[in-house]
Amino acid sequence: MDDGETPLIDAKGLVKEYPARDRPGGVFRAVAGLDFQVGRGEAFGFLGPNGAGKSSTMRMLGCVSPPTAGTLRILGMDPARDGRLIRARLGVVPQEDALDVELTVRENLLMYGNYFGIPRRVVKERAARLLEFAQLEEKAGDRVEALSGGMRRRLTIARSLVNEPDVLLLDEPTTGLDPQARHVLWDRLFRLKQQGVTLLLTTHYMDEAEQLCDRLVVMDKGLIADEGSPRELIERHSTREVLELRFRLDEQDQATGKVRAVTGAREGERVEVLPDRLMVYTPDGEAALAAVTAAGLAPVTALVRRSTLEDVFLRLTGRSLTD
Amino acid sequence: MLLREFSAWMLRYRRTWRSTIVVSVANPLLFLLAIGAGLGRLVAPEALDGMTYLEFFAPGMLAAAAMQNAYIESAFRVNGALRRDRSYVVAAATPLEPRDIMAGHLLFITFRIASSALAFAVVMVAFGASRSPMVVLTVPAALLTGLAFATPLAAWAVTVEKFGTLNAVFRFVLMPMYLLSGTFFTLDSLPAWLHTAAYALPLWHGVDLCRTLSLGTATLAGSLVHVAYLGAFAAGGVAVALVTYRRHLHY
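These numbers were taken from a predicted model, which means no experiment stands behind them.

J.: Lay out the overall build of chain A with the relevant residues and their values.
T.: For chain A, the helix and strand inventory stands at 11 helices and 13 strands. Along the longest, intermediate and shortest principal axes, the C-alpha atoms of chain A span 75 × 45 × 45 Å. For chain A, the share of sequence-separated contacts (at least 6 apart) that also reach a separation of at least 24 residues comes to 69%. Accessible surface computed for chain A: about 14,600 Å², of which carbon and sulfur atoms make up 48%. The distance from the centre of the 45 positive side-chain charges to the centre of the 50 negative ones in chain A is 4 Å.

The structure is reproduced here in structure tokens:
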């Protein structure tokens, strides 16, 4: 977004309200006013817990959900008027794969290409390339029923690329996958990014956001809490390192006071109390740990690590993401 | 655009047609044999103004089978496409608008009802259950009967959140209609108040239209009333579906 060209996606004051289920006549505000821009080739993330409004935002971006208020321009067009044209240039990876399980892997791609009116010969060529990209060549003739979760996810991503989209929308792309399958998927998404595809993704995984996103917004209760690159956000809201201390539960209260006394007074240090552990935010974790042990405290476990987006989220919202 | 949705359904159908044939064609034919040709022998032709029970029952079954196929192909599949296998949600992410998805699916439903009705009518004629060349018109008549149900059902099913609701309506609305619309016996056998009420049932219009065409007793005026009544249901269903599809696919 630094080169001054028109953004691929431009949202101003974006609001989405639904009729409230529990109160007749009431409204539920899923998205409460978002401003953001995404430039060509960027990987942009929406990070936040369940119910933060990420999926509602994605649906608006996918032109299948008219905004209640605000303006939205995608590829320079207005979804309310040109939804069809915009969708023709989007790739969508929904939270649930929604593949046709009775059809084969290749047939799923052919059918999707048909929705875009792409000539069959062209879709066949692209399908062959996409199956290679998704590492599913050997499964091309198998029914989707027989595929693992990770394979299905890769097929869903391959499917979303059939129309060679300008923008790819991924709603929680790796939720529910085992660690190995997640890493394979990240690798594929990283390749897409290098090919210049603009990626928009939602996630509640910190590591995913750090791996894939050039820039992200932290969302909470339908609003943007802050925006920046993962590095920027960490620098702005956290310290370089974190010391995690666990004490025996009956000792935690007492220990908390002492830890505060030892570390809180020092330059740039801060203590957060979680139900099961203490987090000491500090420029130098080892030094903080040395100070804690020098004060005669004996934590059950002590871990020094680098700050992550998880810490940013905790700082911005006062809540842990994994609650 | 609607053809894209239609061909998606056809592609799926190529994989599943064998199992659907059992429900949409074989079951009605078994009914035709068991009740029309078997049980029907116990009914004296004098009780039916000289026609055999098979001649009476077969065209009624044709219309009733069209309704049942409409329920399976429309209500169940429309709901499943939105909530279970989510093929509607996938299609909605492409250039297709909700109205394209609706029209394409209804076109496929038209194909399913028509092809099943055609298969049934062919067997009906082969069994000598028809008396008039007008029997060829029973296929479009059965199709119209099916569509009179399919379009309102699609409009409704896209709004239904619980699958159980669909089953309940099938059992408590469709099944009584099946029995009370003159499929198995003439309306004269019903109590007077129920007799009159049955005229309001769209299935009765479908049954009577198919039956009079098959027996050769159809009158132009009577048939037009039936066609208009069924056509109004089909058209009304499309009008409502345009709204409900948009609300539930672009919410």
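J.: How would you summarise the environment of A:D97 if you had to cite specific residues and measurements?
T.: Residues and elements named next belong to chain A. Following the sequence through the fold, D97 ends up in the loop between β5 (90–93) and α3 (105–115). Sequence-wise, D97 and G149 are 52 residues apart; in three dimensions their C-alpha atoms are separated by 9.3 Å. Those residues in contact with D97, other than ones at most four positions away along the chain, are R152, R153, T156 and R159.

J.: Can you tell me about helix α5 (residues 149–160) of chain A, naming the residues and giving the values?
T.: For α5(A), with 12 residues, the first-to-last C-alpha span of 17 Å sits near the 16 Å given by 1.5 Å per residue. Structurally, α5(A) contributes buried residues whose contacts are with β5, α3, α4 (120–133), β6 (167–171) and α6 (179–194) of chain A together with α3 (87–92) of chain B.

J.: So what's going on with the UniProt feature "domain: ABC transporter" (unreviewed entry) in chain A? Residues and values would help.
T.: Taking the UniProt record as the reference, the feature "domain: ABC transporter" (unreviewed entry) is found at residues 9–246 of chain A. Across residues 9–246 of chain A one finds 36% helix and 28% strand; the C-alpha atoms that close the span lie 44 Å apart.

J.: With reference to specific residues and values, describe the UniProt feature "transmembrane region" (unreviewed entry) in chain B.
T.: Cross-referencing UniProt, the feature "transmembrane region" (unreviewed entry) maps to residues 21–44, 56–76, 106–129, 135–156, 168–187 and 224–245 of chain B in the present numbering. Helix makes up 100% of residues 224–245 of chain B and strand makes up 0%, while its end C-alpha atoms are separated by 31 Å.

J.: Go over helix α10 (residues 285–294) of chain A with me, naming the residues and quoting the values.
T.: Residues and elements named next belong to chain A. Every buried residue of α10 is listed here: G285, A288, L289, A291 and V292. The buried side chains of α10 occupy one side of the element, clustering within an arc of 160° when seen end-on. The backbone nitrogen of E286 lies 3.2 Å from a side-chain oxygen of the residue at the head of α10, namely D284.

J.: Which residues make up the UniProt feature "domain: ABC transmembrane type-2" (unreviewed entry) in chain B, and what values go with them?
T.: In this structure's numbering, the residues bearing the UniProt feature "domain: ABC transmembrane type-2" (unreviewed entry) are residues 19–248 of chain B. Secondary structure content for residues 19–248 of chain B is 76% helix and 0% strand, while the C-alpha to C-alpha distance between its ends is 29 Å.

J.: Give me the lowdown on the side chain of B:S132, citing residues and values where you can.
T.: When you line up the elements, B:S132 lands in the loop between α4 (98–126) and α5 (138–157). A polar side-chain atom of B:S132 sits 2.9 Å from the main-chain amide nitrogen of B:M134.

J.: A description of the nonpolar core should follow, citing residues and the corresponding values.
T.: Within the largest apolar cluster, 161 residues are counted, with the highest numbers of intra-cluster contacts made by A:L61, A:L200, B:Y88 and B:Y245. In terms of residue count, the dominant contributor to this core is helix α2 (residues 53–83) of chain B (18 residues). In this structure B:Y88 touches B:E5, B:W9, B:V78, B:A81, B:L82, B:I101, B:H105, B:V158, B:Y245 and B:L249, once residues within four positions along its chain are discounted. In this structure, A:L243, A:V259, A:V280 and A:V292 belong to the second largest nonpolar core, which totals 12 residues.

Conventions adopted
- Residues numbered from 1 in each chain as written.
- Chains lettered and ligands numbered in written order.
- Predicted model: local features only at pLDDT ≥ 70, side-chain atom pairs only at ≥ 80, totals over all residues.
- Heavy atoms only, no water.
- Helix = DSSP H or I, 4+ residues; strand = E, 2+ residues; numbered from the N terminus.
- Contact = heavy atoms within 4.5 Å.
- Areas by Shrake-Rupley, 256 points an atom, 1.4 Å probe, with all protein chains shown as cover.
- Lys, Arg positive; Asp, Glu negative; His and termini not counted.
- Charge placed at Lys NZ, Arg CZ, Asp CG, Glu CD.
- Expected span 1.5 Å × (residues − 1).
- UniProt positions renumbered as here; feature names shortened; annotations may be inferred.
- Buried < 20%, exposed > 50% of the residue type's maximum accessible area, 1.4 Å probe, protein only.
- Arc of directions from axis to C-beta.
- Polar contact = N/O pair within 3.5 Å; in protein donor to acceptor, adjacent residues only side chain to side chain.
- Core = buried A, V, L, I, M, F, W, Y, C linked by side-chain atoms within 4.5 Å.

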